[in-house]
Amino acid sequence: MNLTDKGLFREAALVDGTWIDRADMEVTNPATGTVLGYMPDCTAAETEAAIAAAEHAMVDWKTLSNAERADLLMAWHDLMLAHADDLAQILTAEQGKPLAEARGEILYGASFVRWFAEEARRINGQIIPSPVKDKKIFAMKEPVGVCAIITPWNFPNAMITRKVAPGLAAGCTMVIKPSDFTPYSALALGVLAERAGIPKGVINVLTGRPEEIGAALTSSPIVRKLSFTGSTRIGALLAAQCAPTLKKLSLELGGNAPFIVFDDANLDAAVEGAMASKFRNGGQTCVCANRILVQSGIHDAFVAALSEKVDALQVGPGTDAETTIGPMINAAAIAKISAHMEDALSKGAMRTTRSRNLSAQYADPVVLKGATTEMRLAAEETFGPVAPVFQFETEAEALSIANGTPFGLAAYFYTTDMARAFRFGEALECGLVGLNTGAVSHAEAPFGGVKSSGLGREGAQEGIEEYLETKAFHFGGLG
Ligand code: SIN
């Protein structure tokens, strides 16, 4: 890395304004397989210290005016923008995505901070008409309390700001546990929060292995909310761990997004949307098209056009200017992608894209035609650059395949028939629908899933509600 501000790269955890500097664990650069840096493997005792710091810091933080908290959030946002190039370099070094995409993530991450700084001023309660004359009733909004934030490696910046910014705006304080693959983007956010003047203890960042830290966070009665982005399996486990202390939960979990192209779709737009949805972050997003369903009349033209675009993708280190697909996060990710490919090919799928000679940390972006619901990639998230195309005949068949999984995060469809747009969009079982677009992620729009894809919404007006409780305040004796 060639950082302008070297102070942004911290190999230490942040607890109560103190940087805990221990080189217990290595962090690897996925593009080179070499050690990028070190981090402490925080203990249960350090987790409890972070929780206590957050509890203490909340006393003052929640009594700031909403406008004061908004100003601090905006200062943090402005620093993120001012240091976007350095933050992007850190992100690419630890996560692998191409630099331009990493910079895009920094702007996306900052957009949540701005949005929730603005929303902080609009945390309104209600005055409720009283059923009795001598009484007034108010519904007042209060922060939930200390929040545990557990975030994934695929968006090491934006998944933090999407949770932390609404929490801070609401008056909560945070104990963040970033993925042990990508701690440095979180730590850089901690550095910038300090510089923005956010008081010590309001944001704590714990690095290391998830088990001990997660157990301490979920069992603590002081932690009143858990927000987690990651797999459905781990989300369910964390929810069970939170049950004895009845925490408020936001869970953004796995998806299996269908991307449906009807015969009447605009072909170029559909191919463009499929590229954007499928290959963003090398296919490593929860909202990525996982199953591409194409109606028979447009099928061959779509497969040909998509294959041509996929053949033009450039696979390589995220630091190379021409790279459009970086390395996968680790060997386990590559093994899963290979297993899905082998399974699909053995069951009759056909590859329609060229084969690249890549080193072990990269996955070859491919289009597979002839995909069927019997294949593993129909039931599980591949989380990689594999685009399986399923051919269908009728709208009813497409709907049945689209909804035929336990997941319900994102779904996309392309049609120019407006009656179908409403009929089909309303029948999809998911939290996010992209009609004639492959992008469904904006700070302004609610983000989250149904069924096994999770609980709650992030971003938008809804995002701040997740960090608020309502207190009904009854003023009697006013007759
Ligand atoms: C995710 O993959 O979990 C989030 C993707 C997004 O915010 O668009």
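Conventions adopted
- Residues numbered from 1 in each chain as written.
- Predicted model: local features only at pLDDT ≥ 70, side-chain atom pairs only at ≥ 80, totals over all residues.
- Heavy atoms only, no water.
- Near = heavy atom within 4 Å.
- Polar contact = N/O pair within 3.5 Å; in protein donor to acceptor, adjacent residues only side chain to side chain.
- Areas by Shrake-Rupley, 256 points an atom, 1.4 Å probe, with all protein chains shown as cover.
- Buried < 20%, exposed > 50% of the residue type's maximum accessible area, 1.4 Å probe, protein only.
- Helix = DSSP H or I, 4+ residues; strand = E, 2+ residues; numbered from the N terminus.
- Arc of directions from axis to C-beta.
- Contact = heavy atoms within 4.5 Å.
- Axes fitted to C-alpha atoms, helices over the stretch in contact; angles between N-to-C directions.
- Parallel < 35°, antiparallel > 145°, perpendicular 65-115°, else oblique.
- Nonpolar A, V, L, I, M, F, W, Y, C, P; charged D, E, K, R; others polar.
- Expected span 1.5 Å × (residues − 1).
- Pairing = 2+ DSSP bridges.
- Salt bridge = Lys/Arg side-chain N within 4 Å of Asp/Glu carboxyl O.

Caption draft 1: Here's a closer look at the site of the ligand. Lining the immediate environment of the ligand, one finds 13 residues, of which Tyr108, Arg162, Arg280, Cys286 and Ser441 sit closest. One of the side-chain N or O atoms of glutamate 252 is found 3.1 Å from an oxygen atom in the ligand. The separation between an oxygen atom of the ligand and a polar side-chain atom of arginine 280 is 2.9 Å. In isolation the ligand exposes 260 Å². Once the protein is present, 100% of that is buried.

Caption draft 2: Region of the structure containing helix H14 (residues 418–427). Among the residues making up H14, those that are buried are Arg420, Ala421, Phe424 and Gly425. Angularly, the buried residues of H14 cover 115 degrees about the axis, an arc narrow enough to put them on a single face. Every exposed residue of H14 that faces more than 90 degrees away from the buried side is listed here: Phe422 and Glu426. Buried residues along H14 sit against strand S12 (257–261), helix H13 (395–403), strand S18 (410–414) and strand S19 (432–435). Among the residues of H14, the N-terminal cap falls to aspartate 417, whose side-chain oxygen and the backbone nitrogen of alanine 419 are separated by 2.9 Å.

Caption draft 3: Summary view of the packing of helix H3 (residues 84–95) against helix H6 (residues 183–196). In the contact formed by H3 and H6, the axes pass within 8 Å of each other and the chain directions differ by 155 degrees. If you check the angle between H3 and H6, you find them roughly antiparallel. Note on element contacts: H6 touches H3 through Pro183, Tyr184, Ser185, Ala188 and Leu192, opposite Leu87, Ile90, Leu91 and Glu94. Considered class by class, the residues forming the contact of H3 with H6 number seven nonpolar, one polar and one charged.

Caption draft 4: Seen up close, helix H11 (residues 331–346). Spanning 16 residues, H11 covers 22 Å between terminal C-alpha atoms, matching the ideal 22 Å at 1.5 Å per step. Within the sequence span of H11, burial applies to Ala333, Ile334, Ile337, His340, Met341, Asp343 and Ala344. Considering only its buried residues, H11 is in contact with strand S14 (350–351), strand S15 (366–369), helix H12 (376–379) and strand S16 (386–392). Between the side-chain oxygen of the N-cap and the backbone nitrogen of alanine 332 there are 3.3 Å, and the N-cap of H11 in question is asparagine 330. Glycine 348 occupies a position one or two residues after H11 and carries a positive phi of about 110 degrees.

Caption draft 5: Structural detail: the sheet that holds strand S5 (residues 126–128). The strand order S5-S6-S22 describes an open sheet built from three strands, whose pairing is antiparallel. Either end of the sheet is taken by a strand with one partner, and the two such strands are S5 and strand S22 (468–475). Strand-to-strand twist of the sheet, defined as the mean angle between neighbouring strand axes without regard to direction, takes the value 25 degrees. Of the pairings in the sheet, the one linking strand S6 (residues 136–143) to S22 comprises eight bridges and is antiparallel in character. Residue pairing across strands places lysine 141 opposite threonine 470, the latter belonging to S22.

Caption draft 6: Representation of the pattern of salt bridges in the model. Per the counting criterion, the structure on display carries 24 salt bridges. A salt bridge links arginine 22 to aspartate 24; the nearest nitrogen and oxygen atoms lie 2.9 Å apart. When the shortest N-O distance is used, the salt bridge between glutamate 118 and arginine 114 registers 3.0 Å. Highlighted residues: glutamate 118 and arginine 114, both in helix H4 (residues 99–120), separated by four residues, approximately one helical turn.

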